[in-house]
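Notes for the structure review
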Amino acid sequence: MWYIKSALKVLLKNPIIWILTIILAAVFAAPVYEPLRPAWILDEITREQNKEEYENAKTNYEFALENPSFARNLEIEKQLLELKKNIYESTTSAEYFDNNVKLIETELDQLQSGRSIASESPYDLQAKLLYCMAISSLGDAVNYPNSKNYPLIEMGASLFEVRTPLLLIGSAIIVSLLVHLTTGEKKLLGITVIGNTKRLLLQTTTSCIASVLLILTALLPTLLFALVKNGVGVTVYPIVFRRAGEIVSINALECFLGGLLIVLCSAIFITLCTHCIYSAIKHLLTSSLIACAVTAALVYLPLYPRYFSVRDFNTSLIRFLPMTYFDVRNIVGYLGIWPTLQVLKDVNLKPMTALVVLTVWSLALLLLAVGITALKQAFAKGRYVQLRQCD
């Protein structure tokens, strides 16, 4: 424990750590100084869209009145006109979403009865209905003008909208390098001599703790701003989207905590992967370059368009690969995601699966690093004995 505390103190004195923390904090503060508009709220932009939809419905109804051949659609067009008029004339967020619920229910009823009036699929309508019903029950309190007005929980659920998790994962390799440089043999003054295997375990533990603290510290300013300015927020704020055809419905707290845990596990995995390379290759520059190349390959391979193009995900190899779960947007979504958006067409990634896969791979890498170190130590000891015998 003394070793870890000493190593962390040495890291805190390194300006690179603070520079990296400031960069990450600035990236995560983007919703504050570049406010994002939520996907679906009642504001002037929405009112203009509702006005246009109401005028289109009015035009269709007048056309049906003037053309007897469309008389069978007259009742439907009249019903649509009334519903869209109510949506356009809504004055509160709760009223707006209540009217949207009625419109979507009407469209679903018409689809089920064979008289299709909807331009969207039943799955999209069901996703929108689920979202609107949840938002409607929360009233006007959650009608945030932009991301600058998000409370703590909603801000946390919106932080993973961009590819910041990839930046966090990549920063873990820098922390690992600094730990490796500052905690090598004879680097920490006053510490007793320890074996290579024990040193490796202490180094990996220090790196994992440092990576986790770095991520949490980078998130802290934005979350504190949201808490002080706007309060705690609503834990049940709905996040609805489609994943592999399935409608996913979670709340903001689940999205934030689930996404954060996956990011932390991903950073720990990259940290252990880096230390595994350091244990195998003694030359620092070579091992660092290889670690950077491996990390870049792991992070950017899932971005290849055909990576997720599999016939059956449940029997596919990518299901068991850790980089499949690096992008948390594909797993827990984010606040403001459109309910009809389908993040992955054929792959259904679940939070618990992501945590299990990343944990298993991290343990495997730790065992591999220990095994490599033990073998190198045994080989060096055997060589030393052989040289002594030759003398």
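Summary of the structure given here. This is a predicted model, so every value here is computed, not measured. (Residues numbered from 1 in each chain as written. Predicted model: local features only at pLDDT ≥ 70, side-chain atom pairs only at ≥ 80, totals over all residues. Heavy atoms only, no water.)

With that out of the way, let us pick up the side chain of Arg242. Within the secondary structure layout, Arg242 lies in strand β1 (residues 238-243). Of the residues examined, Arg242 reaches a relative accessible area of 12% and is grouped as buried. Of note is the side chain of Arg242, whose polar atom sits 2.7 Å from the side chain of Asp124. (Helix = DSSP H or I, 4+ residues; strand = E, 2+ residues; numbered from the N terminus. Buried < 20%, exposed > 50% of the residue type's maximum accessible area, 1.4 Å probe, protein only. Polar contact = N/O pair within 3.5 Å; in protein donor to acceptor, adjacent residues only side chain to side chain.)

Further remarks concern the packing of helix α5 (residues 74-88) against helix α6 (residues 93-112). In helix packing, the relevant descriptors are the interaxial angle and the interaxial distance, both defined with respect to the helix axes. In the contact formed by α5 and α6, the axes pass within 8 Å of each other and the chain directions differ by 160°. Our classification of the angle between α5 and α6 gives roughly antiparallel. Handedness of the α5/α6 crossing: left-handed. Of the residues in α6, those touching α5 at Ile76, Gln79, Leu80, Leu83, Lys84, Asn86 and Ile87 are Tyr96, Asn99, Asn100, Lys102, Leu103, Thr106 and Gln110. When grouped by side-chain class, the residues that make up the contact of α5 with α6 number six nonpolar, six polar and two charged. (Axes fitted to C-alpha atoms, helices over the stretch in contact; angles between N-to-C directions. Parallel < 35°, antiparallel > 145°, perpendicular 65-115°, else oblique. Left-handed = near helix turned anticlockwise from the far one by under 90°. Contact = heavy atoms within 4.5 Å. Nonpolar A, V, L, I, M, F, W, Y, C, P; charged D, E, K, R; others polar.)

Their axes nearest at 8 Å, the elements helix α2 (residues 15-28) and helix α10 (residues 196-230) cross at an angle of 45°. Taken together, the axes of α2 and α10 are oblique relative to one another. Of the two elements, α2 crosses α10, and the hand of that crossing is right-handed. Residues Ile17, Leu20, Thr21, Leu24, Ala25 and Phe28 of α2 lie in contact with α10, whose contacting residues are Leu214, Thr217, Ala218, Leu219, Pro221 and Thr222.

Quick look at helix α4 (residues 44-66) now. In a regular helix each residue adds 1.5 Å, so 23 residues correspond to 33 Å; α4 covers 33 Å between its end C-alpha atoms and thus fits that length. Along α4, the positions that sit buried rather than exposed are Thr46, Asn50, Tyr54, Ala57, Tyr61 and Ala64. Buried residues in α4 make contact with α5 and α6. (Expected span 1.5 Å × (residues − 1).)

For the rest of this paragraph, the subject is the pattern of salt bridges. Close approach of charged atoms allows side chains of opposite charge to pair. Per the stated rule, a full pass over the model turns up two salt bridges. In this structure, the salt-bridge partner of Asp124 is Arg242, at a minimum N-O distance of 2.7 Å. Of this pair, Asp124 sits in helix α7 (residues 122-138) while Arg242 sits in strand β1; the two residues are 118 residues apart in sequence, bridging distant segments of the chain. For Asp124, a relative accessible area of 16% puts it in the buried group. The closest approach of N and O atoms between Asp327 and Arg329, which form a salt bridge, is 3.3 Å. Each member of the pair, Asp327 as well as Arg329, is classed as buried. (Salt bridge = Lys/Arg side-chain N within 4 Å of Asp/Glu carboxyl O.)

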